[in-house]
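Here are the chains, one letter per residue:
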Amino acid sequence: MRKGVKRFLIIFSIVIVILLLLAVGGSYYIGLQVFEGSTQLVTPEDTNEVKDSFWTTMNMDPEEFKASYVIESISETSAFDGHIIPGDYINAGDEHDKLVILIHGLGGNRYTNYPVAKYFVEKGYDVITFDQRSSNENTAERTTYGYWEKYDVIDLIEYAERKYPGIRIGIWGTSFGGATAIQAAAALDDQSRIDFMILDCPLGNAEYMISAELENMNIGIPTDYMLWWGNVVNKQKLGFSYEEADSIIIAQKVNIPTLVINSRVDELTPYFMGKEIYDNISCDKKEIWTVDDSEHACIWEDHTDEYKLKMDEFILD
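In short, a report on the structure.

## Structural notes on the packing of helix α7 (residues 206–217) against helix α8 (residues 223–238)
Item 1. At a minimum axis distance of 10 Å, the contact between α7 and α8 shows a crossing angle of 130°. It follows that α7 is oblique to α8 by the angle criterion. Here α7 runs over α8; the crossing is right-handed. Within the contact between the two elements, α7 uses Glu207, Ile210, Ser211, Leu214 and Glu215 and α8 uses Thr223, Met226 and Leu227.
Item 2. In terms of residue class, the contact of α7 with α8 is made up of four nonpolar, two polar and two charged.

Given below as structure tokens:
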């Protein structure tokens, strides 16, 4: 009798262990799928073209723009992981005393920044516009909501300072590029190296974005469960958690004059993200301009003249 009970307990224990291993293994697999889906959001192949409709919408001829200015190719080696950071250095003239680094959003590339670049070069600013990770000619793997992307910006700041010592630098970033801008600024050893920062519909909480995407998939598994395991795998694979890549929290470390631009009807980076980023910026010189009617990343297109005026007033103030 005792032997039978003992044998039963042994078998029962083995079954429980197997079930636990299967549960953990299955959960890890789910986390791995969340990780893969949330850190390879675009590829160079997806983002190597700009449609003609974009230039029509922006009322811009890119070839005419290229012919109007001296544009030098950038091919900077990343100090972080050795990939090549491709970009354009657009010369506004001969003075080279001020410069803006432009950071595109997810799905864009360095050329989609040309409409904003045109504004800045006409104001006398040299411009660096570059391809973010896994976009166009930048073949670095993984998109990390600004966490690794920030190192490319820091490399380009140092590139500009080597090229023209004493040059004054600003940063403009849109959407995903806004998160990159915040995290780069927060990581600088000396934030006084940056004169100003402009954030257009900036991405704040990466976890919110991933959660929204999982809910849209509607696959019958609790979103919080998938998110938790995705976070576990992200930490294991890349060394940081979703919370550590939260630009809303990271904004607390930023002490740079900042203009936040956002929209109340933006569904991709909702109004609260820009507002919380604005609230957390520690610099006394900060402003937020909110429109009521523009979809995500369409404020420049919808309110071009007012957008330029807001930047004029903020930069020159």
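What follows picks up the thread again.
## Quick look at a nonpolar patch on the surface
Item 1. A surface patch of nonpolar side chains, about 350 Å² in accessible area, is lined by Met217, Ile219, Ile221 and Tyr225.
Item 2. Assignment of secondary structure puts Met217 in helix α7.

## Let's talk about the side chain of Arg133
Item 1. Topologically, Arg133 is positioned in the loop between β4 (126–130) and α5 (149–163).
Item 2. At a separation of 2.2 Å, a polar atom in the side chain of Arg133 contacts the main-chain carbonyl oxygen of Glu141.
Item 3. Not counting residues within four places of it along the chain, the set of residues in contact with Arg133 comprises Phe80, Asp81, His83, Asn138, Ala140, Glu141, Arg142, Thr143, Trp148, Glu149 and Asp152.

## A word on the packing of aromatic side chains
Item 1. Inspection of the entire model under this criterion finds 19 aromatic pairs.
Item 2. Ring centres of Tyr111 and Tyr114 lie 5.5 Å apart, and the angle between their planes is 90°; on these two criteria the pair is classed as edge-to-face.
Item 3. Classification of Tyr111 as partly exposed rests on a relative accessible area of 21%.
Item 4. Classification of Tyr114 by relative accessible area gives buried; the value is 1%.

## As for the pattern of salt bridges
Item 1. By the definition in use, this model includes 16 salt bridges.
Item 2. Of the charged contacts in the structure, one is a salt bridge between Lys275 and Asp279, with a shortest N-O distance of 2.9 Å. With Lys275 and Asp279 both in helix α10 (residues 271–280) and four residues apart, this pair spans about one turn of that helix.
Item 3. The class for Asp279 is partly exposed, based on a relative accessible area of 40%.
Item 4. Within the structure, one salt-bridge network assembled from shared partners comprises Asp88, Arg110, Asp131 and Glu137.

## Quick word on helix α6 (residues 176–187)
Item 1. Here α6 contains twelve residues, and its C-alpha end-to-end distance of 17 Å stays within 8% of the 16 Å for a straight helix at 1.5 Å per residue.
Item 2. For α6, the buried fraction is high: eleven of the twelve residues fall into the buried class.
Item 3. Inspection of α6 places Phe176, Gly177, Gly178, Ala179, Thr180, Ala181, Ile182, Gln183, Ala184, Ala185 and Ala186 among the buried residues, and these make up the whole buried set.
Item 4. The elements touched by buried residues of α6 are β3 (98–103), α5, β5 (168–174), β6 (194–200), α9 (247–250) and α10.

## Considerations on the pairing of β3
Item 1. Counting buried positions over the six residues of β3 gives six, a clear majority of the element.
Item 2. Where β3 lies against β5, six bridges are found, and the strand directions are parallel. The partner of Ile103 across the bridge, within β5, is Gly173.
Item 3. Relative to β4, β3 runs parallel, the two sharing five bridges. Looking at β4, one finds that Val100 is bridged to Val127.

Criteria and cut-off values
- Residues numbered from 1 in each chain as written.
- Predicted model: local features only at pLDDT ≥ 70, side-chain atom pairs only at ≥ 80, totals over all residues.
- Heavy atoms only, no water.
- Axes fitted to C-alpha atoms, helices over the stretch in contact; angles between N-to-C directions.
- Helix = DSSP H or I, 4+ residues; strand = E, 2+ residues; numbered from the N terminus.
- Parallel < 35°, antiparallel > 145°, perpendicular 65-115°, else oblique.
- Left-handed = near helix turned anticlockwise from the far one by under 90°.
- Contact = heavy atoms within 4.5 Å.
- Nonpolar A, V, L, I, M, F, W, Y, C, P; charged D, E, K, R; others polar.
- Patch = residues over 30% accessible without salt bridge, like charges linked within 9 Å, V, L, I, M, F, W, Y side chains within 5 Å.
- Areas by Shrake-Rupley, 256 points an atom, 1.4 Å probe, with all protein chains shown as cover.
- Salt bridge = Lys/Arg side-chain N within 4 Å of Asp/Glu carboxyl O.
- Polar contact = N/O pair within 3.5 Å; in protein donor to acceptor, adjacent residues only side chain to side chain.
- Phe/Tyr/Trp six-rings, centres within 6.5 Å; stacked < 30°, edge-to-face > 60°.
- Buried < 20%, exposed > 50% of the residue type's maximum accessible area, 1.4 Å probe, protein only.
- Expected span 1.5 Å × (residues − 1).
- Pairing = 2+ DSSP bridges.

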